[in-house]
Amino acid sequence: MSDKSPITVVITGAAGQIAYSLLYQVASGYVFGMDQPLVLHLLDIAPMMGVLGGVVMEIQDCALPLVQNVVATDDPNVGFKDIDAAFLVGAMPRKEGMERKDLLAANVKIFKVQGQAMDQHAKKTVKVLVVGNPANTNALICSHYAPSIPKENFSAMTRLDQNRAAGQLAVKLGQPISSIKKVTIWGNHSSTQFPDAAQATVNGQPLGLDTTWLQEQFMPTVQKRGAAVIAARKLSSAMSAAKAASDHMKSWFSSTPADDWVSMGVFSDGSYGTPEGVMFSFPITIKDGKWSIVKGLEMSDFAKEKLALTGAELCEEREEAMAVCKA
């Protein structure tokens, strides 16, 4: 058995379907290392405690050597106590006929409570990944209510979009997914995101794909993939969302390879003319757990237009969310 000290990881919405796929990936060692013991904190709302009890039984029944303890709770103060990593999966799902501002209002309340609990009880070094939508703005709210935790410790998930984009390119080129590098998702995790293959490589070479295909087929497929999965499964992406959350945190706790980068929603510093202070997805390199935005990439006029569009949406979301916070 490992002689490493255990790290404490919280997963919110722990009785839900994304968490059901995520828990095994985290607990198996895929994310934090095959020799890294874990204490799992599973947080959900009071009506879900019965279901969550069943999930705890299953974790026990998986007989996972890295899991030292499991704490199931509906109290954020318990859930966020002394955590090293947080997967914030639980959020109000969008229901039919629901306006975005209604969704934002419901989620502001959730992420305000969680931010405050984290501010008081989490380690100041905690790395926080927001998966629950609208992820970028939920991450912004959470950070706003946890001022004692550095802003760079909060991120929003666009790795699912990156994985979707890489998958589409691999299929188109008839190459294995491992050969595709430097795919970028810019902006918001919404249909205004800009999936960008301009810098992408296949086996270290430019893709050589037709611009018309990239703009008219590839981009909309990636942007609307979540809706396509819902239409087919009658449920939203869970297995792929959990895998992306695992990939995001695995990258963040280690380093990115020299010939690749990842996409993460992080606080914008204004790079590439983006609005400062919103959670914006950029190409990111990571060295020993510290992320940096990849600078100096050539941007076409088309790309600049797409960045402006998604940036404007993020500013709108921020204004709406902050209005709810102040109300």
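Reading the values: rules and limits
- Residues numbered from 1 in each chain as written.
- Predicted model: local features only at pLDDT ≥ 70, side-chain atom pairs only at ≥ 80, totals over all residues.
- Heavy atoms only, no water.
- Helix = DSSP H or I, 4+ residues; strand = E, 2+ residues; numbered from the N terminus.
- Buried < 20%, exposed > 50% of the residue type's maximum accessible area, 1.4 Å probe, protein only.
- Contact = heavy atoms within 4.5 Å.
- Salt bridge = Lys/Arg side-chain N within 4 Å of Asp/Glu carboxyl O.
- Core = buried A, V, L, I, M, F, W, Y, C linked by side-chain atoms within 4.5 Å.
- Phe/Tyr/Trp six-rings, centres within 6.5 Å; stacked < 30°, edge-to-face > 60°.
- Lys NZ or Arg CZ within 6 Å of the ring centre and 35° of its normal.

Draft legend 1. Highlighting the side chain of Glu 317. Here Glu 317 is to be found in helix α10 (residues 301-326). Overall, Glu 317 belongs to the buried group, its relative accessible area being 2%. Once you skip the residues sitting within four places of it in the chain, Glu 317 turns out to touch Arg 100, Leu 104, Pro 134, Thr 137 and Asn 188.

Draft legend 2. Inspection of the pattern of salt bridges at higher detail. Scanning all chains against the criterion turns up seven salt bridges. Put simply, Glu 319 and Arg 318 hold a salt bridge, and the shortest N to O gap is 3.4 Å. For Glu 319, a relative accessible area of 48% gives the class partly exposed.

Draft legend 3. View of the nonpolar core. Grouped together as the largest cluster of nonpolar side chains are 72 residues, with contacts concentrated most on Val 26, Phe 32, Leu 40, Phe 87 and Leu 169. In terms of nonpolar packing, the next biggest core, distinct from the first, is built from 30 residues, Ile 83, Phe 111, Ala 135 and Leu 140 among them.

Draft legend 4. Looking closely at the packing of aromatic side chains. Tallied over the entire structure, the rule returns seven aromatic pairs. Their ring planes at 85° and their centres at 4.9 Å tell us that Phe 32 and Phe 253 sit as a pair that is edge-to-face. One end of the pair, Phe 32, is in the loop between α1 (17-27) and β2 (38-43); the other, Phe 253, is in the loop between α9 (239-252) and β12 (262-267), with 221 residues separating them in the sequence. Here a set of aromatic residues connected by ring pairs shows up, and it is made of Trp 186, Tyr 272, Phe 280 and Phe 282. Positioned above the aromatic ring of Phe 253 is the side chain of Lys 127, whose terminal nitrogen or guanidinium carbon lies 4.9 Å from the ring centre. Over the aromatic face of Phe 267 sits the side chain of Lys 151, whose NZ or CZ is 5.1 Å from the ring centroid.

Draft legend 5. Local environment of the environment of Gly 265. Within the element layout of this structure, Gly 265 appears in strand β12. A relative accessible area of 0% means that Gly 265 is categorised as buried. Expressed as a C-alpha distance, the spacing of Gly 265 and Gln 36, which sit 229 residues apart in the sequence, is 26 Å. The contacts of Gly 265, once residues within four sequence positions are left out, are Phe 154, Ser 155, Ala 156, Thr 158, Met 279, Phe 280 and Ser 281.

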